[in-house]
Amino acid sequence: MGSVPGPAAGTTDAQTTPTPPPDAVGRGNGGAVPAPPGHVALIMDGNGRWAMARGLPRAAGHSAGAEAVRRCVHAAISRGVGYLTLYAFSSENWRRTPDEVADLTSLLRYYLRHKVAELSREGVRIRIIGDLSRFDDDVRAEAKRAEDVTAGNRRLTLVLALSYGGRADIMQAARHVALAVRDGALDPERLDEALFGRFLLTADLPDPDLIIRTSGECRLSNFLLWQSAYAELVFLDTLWPDFNEQHFDAALDVFARRERRFGARPSL
Ligand code: FPP
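Residues numbered from 1 in each chain as written. Predicted model: local features only at pLDDT ≥ 70, side-chain atom pairs only at ≥ 80, totals over all residues. Heavy atoms only, no water.

Draft legend 1. Layout of the packing of helix H2 (residues 58–79) against helix H3 (residues 98–114). Two numbers describe how H2 lies on H3: the axes approach to 10 Å, and their chain directions differ by 30°. The angle between the axes of H2 and H3 places the two elements in the roughly parallel class. The hand of the H2/H3 crossing is right-handed. Two secondary-structure elements touch here, H2 through Arg58, Ala59, His62, Ser63, Ala66, Glu67 and Arg70 and H3 through Glu100, Asp103, Leu104, Leu107 and Tyr111. (Axes fitted to C-alpha atoms, helices over the stretch in contact; angles between N-to-C directions. Helix = DSSP H or I, 4+ residues; strand = E, 2+ residues; numbered from the N terminus. Parallel < 35°, antiparallel > 145°, perpendicular 65-115°, else oblique. Left-handed = near helix turned anticlockwise from the far one by under 90°. Contact = heavy atoms within 4.5 Å.)

Draft legend 2. Spatial organisation of the pattern of salt bridges. Per the stated rule, a full pass over the model turns up 24 salt bridges. Across the pair Arg113 and Asp138 runs a salt bridge whose closest N-O atoms are separated by 3.4 Å. In this pair, Arg113 is assigned in helix H3 and Asp138 in helix H5 (residues 137–150), connecting sequence segments 25 residues apart. On the basis of relative accessible area, Arg113 is assigned to the partly exposed category, the value being 39%. (Salt bridge = Lys/Arg side-chain N within 4 Å of Asp/Glu carboxyl O. Buried < 20%, exposed > 50% of the residue type's maximum accessible area, 1.4 Å probe, protein only.)

Draft legend 3. Structural context of helix H6 (residues 166–182). An ideal rise of 1.5 Å per residue puts 24 Å on 17 residues; H6 measures up with 24 Å between its terminal C-alpha atoms. Taken residue by residue, H6 has Gly166, Asp169, Gln172, Ala173, Val177 and Ala180 as its buried positions. The buried residues of H6 occupy one face: seen down the axis, they fall within an arc of 140°. Exposed positions of H6 whose direction lies more than 90 degrees from the buried face are Arg167 and Arg182. Just downstream of H6 lies Gly184, where phi reads positive at about 75°. (Expected span 1.5 Å × (residues − 1). Arc of directions from axis to C-beta.)

Coordinates in, geometry out; function isn't part of it.
In structure tokens:
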């Protein structure tokens, strides 16, 4: 278990956000460029609709979505974001057709096998959260290799949520807490939010400051349920395969205009 980052606290204010013009970045802060959020998390939605609108198979939408991932990673690096978490495969995605699961798994395998070296050269550290036991052995091995070879990088931590579910994470943490209490290793009176957080898969990661979801859907879909307690939520109408640096900047701009009160009184 890693150390627990600062206490999670703040306010959540969800709204659907049309894309502002690119020159909007920095407004609302006297023209100064605001500090970027330390941790941006993304629900990449709309691959299927993007493909359907073009008369293409859903797999084509996922391939185009993988290209959008590359644009997003580069945007995060160039904007100085420290942590980027991508919801690449949810625990519910196993319910898709076997063909679609195979397409998504192949894409993942390809990117883990062929693109990690390039990411590593750019200073990206890869961390994976989720229940990897459901993937084939070779995908698990590639995932571990990606984490190992990039472990020393510091420019951006790219967290891939794979076979991930927020409730499942909270459940496994609760199970480990219960076992520790049963074994006499943990005094239940000592349990607080910070200590519980150390049992989560994200123990070594800060909570997300900003969660972006594309495609116009306005829900979290079991993503980072505990960790999102005080995240700012931004919903973009853009379908994920169309996502680019302007969309990333637009979301950062909305974030910069939000007042994060962390439960305190609004400023006058
Ligand atoms: C949601 O679109 C997206 C997914 C289920 C998977 C996300 C995967 C990628 C972006 C590509 C692979 C990622 C990596 C890291 C290589 P959807 O299929 O639910 O779209 P729909 O709602 O329009 O049907």
